[in-house]
Every structure is written in structure tokens, then in C-alpha cells.
Amino acid sequence: ILNVEQSPQSLHVQEGDSTNFTCSFPSSNFYALHWYRWETAKSPEALFVMTLNGDEKKKGRISATLNTKEGYSYLYIKGSQPEDSATYLCALYLEGNKLVFGAGTILRVKS
Amino acid sequence: EPEVTQTPSHQVTQMGQEVILRCVPISNHLYFYWYRQILGQKVEFLVSFYNNEISEKSEIFDDQFSVERPDGSNFTLKIRSTKLEDSAMYFCASSVVGRPGYGYTFGSGTRLTVV
């Protein structure tokens, strides 16, 4: 069974701090890595879909990198804001159009 | 922004009863999915659906589960005889195509409580 690990489990930062978290996975066959942002009582929202080793994606203050050879992806948030508070999920896209999720990193940004 | 709509947002049912969870995917999406998250656990895949057929299902998706697209807009998940362990948040999702480079659009979930 493919295991996707995310660390840390939770993170509390001050407004303005930059932060990053990790998604680790076995370097085995998968087709893409997805990052989702999930606010309480809302639907998970796609942030990035990454398919290639060395991929880097950016959306505003949030960026992500992918290293398929060593089996990790980093998500960076620059200058965290209270509205960034959410659970950040990573998931591997496997054959059969299915996602295998990590447990998520809960981010709380204090103003 | 197009949304995936799920109803109801919360359902409480007696053990052994049948439940139907409803979803309206995004209209031009072709692939549909159900996922669930048991409290304190990871989000896990249940089933994917394309062209009116199941394309992939997990070990969780046994004979008690079924999916249907009864018309051009709705996508339903039926649990025939609910068990306590079916209590979870159920998410519907859709994607425009079934290719790795495309993200999913998720609904906000139905919280199913089996008592």
C-alpha cells in the first residue's frame, strides 16, 4: 500500500512569517502530485498539480516544488496571512484515476 | 466559479438503513469520484466513474456500495445497509478529463452519521 506522509502534522505561525511543509512518498510509479487547500466546512481546493521531476509551481505567495527521485514535495507560503489558515493536503495520482492522500498539515496563522 | 454541489450536508441514519448521497458535478466534467474521510483518518478513494461505468474501485467499495448517474446532472452514491463504520465525511469530485495533469474539483462533503 502506497503511503503518503505529510509533516508537520500542524503548524502555528505568526502573520508575516514564511513557512513550508513536506509531502513524502516512495519513489515509485505515480503520474502526478496534487496539493489541495482545505478550509473548515468548505471543499478542498486544488492548488497545484505537478507532474515532472523538478517541477516548480507558483500562485501568488504560495509555491511548490517536486523531487520525484528522492520522493518529496515542498509547499512554501511566503508572508503567511490569517486567511492562509487551512489544512493542506497532498495526494499522489495513480493509475486508475485515483488519488492517495496524506494526512494533511494543519496551518494556523495568528494575527 | 463552477462548483460541485453535494446534498445533504449532514445525514443521520439508523444502522441497516439505506442512504443515498447526492452530487451534482461540474457540467462539462467527464470523470466523477467518491472519496471519504473517517474522523481522524486520511481521505480515501472509493470509486471513479466514467462513461456511465465504474472505472476503478477500492477494496472499501464492496457490494453494499453502488454509484449511479441517473440523469445528465446527478451522480449518486448508495449504501444499501449502513454500518456504524460507514460514518464518515463523503466527498464527491469531478475532473474534466482523467489525466494526471488535471486537478479535481471537490464538493464540500456530506457528513454521514450512522447510529
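Summary of the structure given here. Just so it is clear, the model here is predicted, and its values are computed rather than measured.

Rules and cut-offs
- Sequence positions are assigned chain by chain, starting from 1 and proceeding in written order.
- Here chains are named by letter from A upward and ligands by number from 1 upward, in the order in which they appear as written.
- Per-residue local features of the predicted model are confined to residues with pLDDT of at least 70, and side-chain atom pairs are confined, for both listing and counting, to 80 or more; whole-chain, interface and lining totals are unaffected and use all residues.
- Side-chain descriptors were evaluated using all non-hydrogen atoms of the structure, hydrogens and water having been removed beforehand.
- Note on pairing: two strands pair once DSSP finds at least 2 bridges between them.
- The helix and strand labels rest on DSSP assignments: H or I over at least four residues marks a helix, E over at least two residues marks a strand, and numbering proceeds from the N terminus.
- In this analysis, axes come from line fits to C-alpha atoms, helices being fitted only over the stretch in contact, and the angle between any two N-to-C directions falls in the range 0 to 180 degrees.
- Here, two residues are considered to be in contact whenever any of their heavy atoms come within 4.5 Å of each other.
- Throughout, the accessible surface (probe 1.4 Å) given up by two parts as they are put together, summed over both, is called the buried area.
- Within this document, salt bridges are pairs made up of a side-chain nitrogen of Lys or Arg and a carboxyl oxygen of Asp or Glu, the two lying within 4 Å of each other.
- Pairs of N or O atoms are called polar contacts if they sit within 3.5 Å, as long as, within protein, a hydrogen donor faces a hydrogen acceptor (for residues adjacent in sequence, only side-chain-to-side-chain pairs).

All names here are of chain A. Sheet architecture is open: five strands sit in the order 1-3-8-7-6, paired in antiparallel fashion. On the outer flanks of this sheet lie strand 1 (5-7) and strand 6 (56-59), each paired with one strand and no other. Taking each pair of neighbouring strands and ignoring which way they run, the sheet shows an average axis angle of 15°. Pairing geometry for strand 6 and strand 7 (residues 62-67), over four bridges, is antiparallel. By the bridge assignment for strand 7, lysine 58 is matched with serine 63.

Before going further, it helps to spend a moment on the interface of chain B and chain A. Taken together, the contacts link 20 residues of chain B with 23 residues of chain A. Summing the contributions of chain B and of chain A, the shared interface buries around 1700 Å²; its carbon and sulfur component is 61%. Along the contact surface separating chain B from chain A lie one salt bridge. Among the salt bridges present, the one from glutamate 56 of chain B reaches lysine 98 of chain A, with a minimum N-O distance of 3.5 Å. At the boundary of chain B with chain A, the tally comes to seven residue pairs in polar contact (both at pLDDT 80 or more). Those elements that place two or more of their residues in the side of chain B that touches chain A are strand 4 (31-37) and strand 5 (43-50) of chain B. The element contributing the most residues to the side of chain B that touches chain A is strand 4 of chain B, with four residues.

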